[in-house]
Amino acid sequence: MRIPFYIKLFFTFIVFAILLLGFASFAFNNFYKVNNQKKEKENIINILKHQENSFKAYIKFFDEKIFLLSQKDFLETEEKDETLSLLKKILFNNDNILEFKVVSLDAQEILKVVNKDGNINIVEPDKLQNIYSNAYYKNVRTLKEEEIWHDNSNAEKPSIVNFILRDKNYFLVLKVDLTSFFNDMYKNFDKKTLVLSNNDIVVNGENKNLLLENKKFEIYKKELFNIKQNDYYSTNDFVSLKTYLNENKYFIFIVNIEHELNNDYFKEYYKSIIVIGLVLSIVLALLFSEPIAKLNKKVEDENKNLDLSIKKSFIELNENQEIMDKHIMFIRMNKNNAILEISSAFCYFLGFSKGELIGHNYKMLIHKDTKKREYIRLWKSVKDGKPYVGEIKGVKKDGEAFWVDLFVEPNFDNLKQIVGYTIIAYDTTNKKKIEDLYKDINNQVEQYNAIFENVNSGIALIDLDGNFKKINRTFSKFLEYKNEELLEMKCIDIVPESSKELLSKILKEARDIGTISKIEKIFMKKYGNLIHLELSLSLLSDKKHFVFVVNSLEDKRKLQELNQNLELRINQEVEKSIQKDKLHQQEQIKNAKLTSIGSLAAGIAHEINTPLTYIKGNLELMEYDIIDLPQSEIQERMKHDSEKIKEGINRIANIVESMREMSQSSKESKEKTNIYATLITSLTMAYNRSKQICKIYLNAKLFDIDSINKSEYEFFSKVQKQRIEQVWIIVINNALDELIKVEDYENRVLNINILEENNEIIIRFKDSAGGIKKEIIDDIFEPFISSKEHSGMGVGLNIAKKIVDEQDGVIKAYNEDFGAVFEIRLQKCEE
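Here goes a summary of the coordinates provided. (Residues numbered from 1 in each chain as written. Predicted model: local features only at pLDDT ≥ 70, side-chain atom pairs only at ≥ 80, totals over all residues. Heavy atoms only, no water.)

1. Let's talk about the nonpolar core
Argument step 1. One finds W728, I752, I763, F765 and F822 to be the most contacted residues of the largest nonpolar core, which totals 45 residues.
Argument step 2. Of all the elements, helix α19 (residues 721–739) adds the most residues to this core, at nine residues.
Argument step 3. Sequence-distant contacts of F765, that is, excluding residues within four places in its chain, are made with L679, W728, V731, I732, L750, N751, I752, A820, V821, F822 and I824.
Argument step 4. Counting 40 residues, the second largest nonpolar core, distinct from the first, contains F163, F182, M185 and V195. (Core = buried A, V, L, I, M, F, W, Y, C linked by side-chain atoms within 4.5 Å. Buried < 20%, exposed > 50% of the residue type's maximum accessible area, 1.4 Å probe, protein only. Helix = DSSP H or I, 4+ residues; strand = E, 2+ residues; numbered from the N terminus. Contact = heavy atoms within 4.5 Å.)

2. Things to note about the pairing of strand β11 (residues 329–334)
The side chains of a regular strand alternate between both faces of the sheet.
Argument step 1. Both β11 and strand β15 (residues 418–427) contribute to a ladder of six bridges, which runs antiparallel. Within β15, the residue paired with N334 across the bridge is G420.
Argument step 2. Direction of pairing for β11 relative to strand β12 (residues 339–342): antiparallel, over a ladder of three bridges. Considered in β12, the bridge of M333 is made with I339.
Argument step 3. Linking two consecutive strands that pair antiparallel, namely β11 and β12, is a turn of four residues; a positive phi of about 70° is found at N337 within it. (Pairing = 2+ DSSP bridges.)

3. Overview of the sheet that holds strand β5 (residues 160–166)
Argument step 1. With respect to topology, six strands assemble into an open sheet ordered β3-β2-β1-β6-β5-β4, the strand pairing being antiparallel. Looking at which strands have only one partner, the edges of the open sheet turn out to be β3 (119–122) and β4 (148–151). Taken over all neighbouring pairs, the strand axes of this sheet differ in orientation by 15° on average, direction set aside.
Argument step 2. Here strand β1 (residues 97–104) runs beside strand β6 (residues 170–177); their pairing, made up of seven bridges, is antiparallel. In the sheet register, I97 faces β6, and the bridge partner there is V176. (Axes fitted to C-alpha atoms, helices over the stretch in contact; angles between N-to-C directions.)

4. Regarding the pairing of strand β22 (residues 695–698)
Argument step 1. Along β22, the buried face is formed by I696 and L698; none of K695 and Y697, which line the opposite face, is buried.
Argument step 2. When β22 meets strand β25 (residues 749–757), the two strands line up parallel, connected through four bridges. By the bridge assignment, I696 is partnered in β25 with L750.
Argument step 3. In this sheet, strand β23 (residues 701–702) lies alongside β22 in antiparallel orientation, the contact comprising two bridges. Looking at β23, one finds that Y697 is bridged to L702.
Argument step 4. Hairpin connection, β22 to β23: the antiparallel pair is bridged by two residues, and N699 has positive phi, about 55°.

5. A closer look at the side chain of N198
Argument step 1. Here N198 is to be found in the loop between β7 (193–197) and α5 (218–221).
Argument step 2. When sequence neighbours within four positions are dropped, the list of residues in contact with N198 reads N152, K228, N248, K249 and Y250.

Structure follows, in structure tokens:
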């Protein structure tokens, strides 16, 4: 039996109302509990703060008592009874005070009064003790006068607190039992406060004097570390507050949080709400069920009509899809670019069947000439979820290329994730061909115009009557007319009166035979000057226009002059080549000689080094013998002479070392070299000559062969060592050749500076010889260029430049401050 919709709706209302009330009551119950727990915790915190203030006030009470007692001179009273009476009056009116004593600064008890079960007695002098061993004594020794210390060092009963006050000559010690105070805290409040000492002993309540490790205190034991580490700490079970006696001693007040609250009123209230809610839900269900049921019937009727409409639309859609399949080119792909569906129109256009394309990657349809950048831009757009509109080149089955305009749109699922792509294409192949053809025509026109305007010939387009139609720049330049002026003239207007008839005959003849070439003709410039030009005429295929071409005859004359000078130039170059060959032969001979000299110098350096070492050793022994001689004028003279001998030996050693380095065979490979050391070697080799000509400064320091330190500066570059030393010698010798021409020795200076700049090593040779002549400074590094009048072939600097170029360096020359500067830049070698 089918249940009416009205009954279904009624019971649905009831079930929904029950669920809603259940959820609301559950949420309200939780809120009530959380809120009550929060208020409970706030109440406990207020109680703890009140108890803390009470505790501090209680401690202060005893502080004031002991301080008051310090103002009394009770020790000066000789009568024992009088002293006892004074103490009873001030101190022992409080039963919690257990003991009072006066202790000297050296820890000896002077006076001790004990309260034992209400009996207050003064301890006999022979029973007084020394408290030096008491735990708290080490802390009170450092107290300042009138400063009070609190201590509860009694491990068994930490509720007993000692109040110690430092007087001028002794300590006052008051022992107080706080047990009754702590018990009152436990009993007199709604919330029972448990007091814990710093050594984990409970000092009040039913379980006092028990350690916290006892099973009765399980909830505190788990959190003991946090309780002791924090001045205030709370959990869902309790709240703790720490109050200090001194910096190391303290008590912890703990109050439990009660979770079982008195909520009888709430339960009754809760039941009333549920009953009222159920009654209201039944009433509402009865009121709204019938109208909603009628509305549902109406919706069902509308849905039937809608179904009929959808079916009709579906039929029409199928018909439209068939039309689209026949006439619109489209592809549907998955996210891996495999073709899932393709229209018949597209298949026909491409020459494929649907079976040949479905399941294959669309890339088989993309032409290999497609620009990668355009392809990446297309897929970046659609993979970002955006549609793309653009143009792409493809290839048909038969290999024919085509162009299409594309509209690519990503397809999404219900989760907004891309599941594929739809491509709609429109054939633009013919349009593209027309565009390409149009571009080719425009390019050709631009090329012809460029040629027309830039050829050396004067070209004009004239009609059969001789009127100018188009003129290039060269034509206007020849005749010194503007283009606008010539376009209003005829060709016979630019020849003298005597030649006009002849030019008319030439035009007529050209019309008959088609072409006339290279006729020398006199033309008249704008201002009447005459110019000889070569004329050519050519009739165009339209038989309506001539190409009128004129060429300058000056080029012919220049060509004749060039032909006349060519032979002279050839002879000069041949002579120059012969000189270079001779120079090359001389260089080879010189290199052979230098190689032999180098071998000889290496042998000599080796032979000199052996006796030089022997002389050095004996000289050192002789110095020791001289030191052992008695002090006298002869000894001083011998010391002076030995120093001179040592200087001479060092000079010989430096020269021999430089000879050895220079005589080594040059390596073709480059190596890491200290450029500063190569300068020292070259200056040493040139020293015998340079010392007679001028002073040489290296980095602003006068070069002296007797004080050489090749490691003073380090500028490393990857070069051929011997080759770069050859450059330094060439530049130094050239400078010396020029400086010797300066008459005054004091005005002869050669400054050599070496420095680093922008990863380059810069070496500057600057002399004071007047500089390089202006006429040769630009060609100073060319062969056979020399400023020397009586010697030199002018090849030294050319060789130096070639060596520097081989080292990947740069050499340049310029004048500065009445002198020549040669600057060499080498690449710095990384450490």
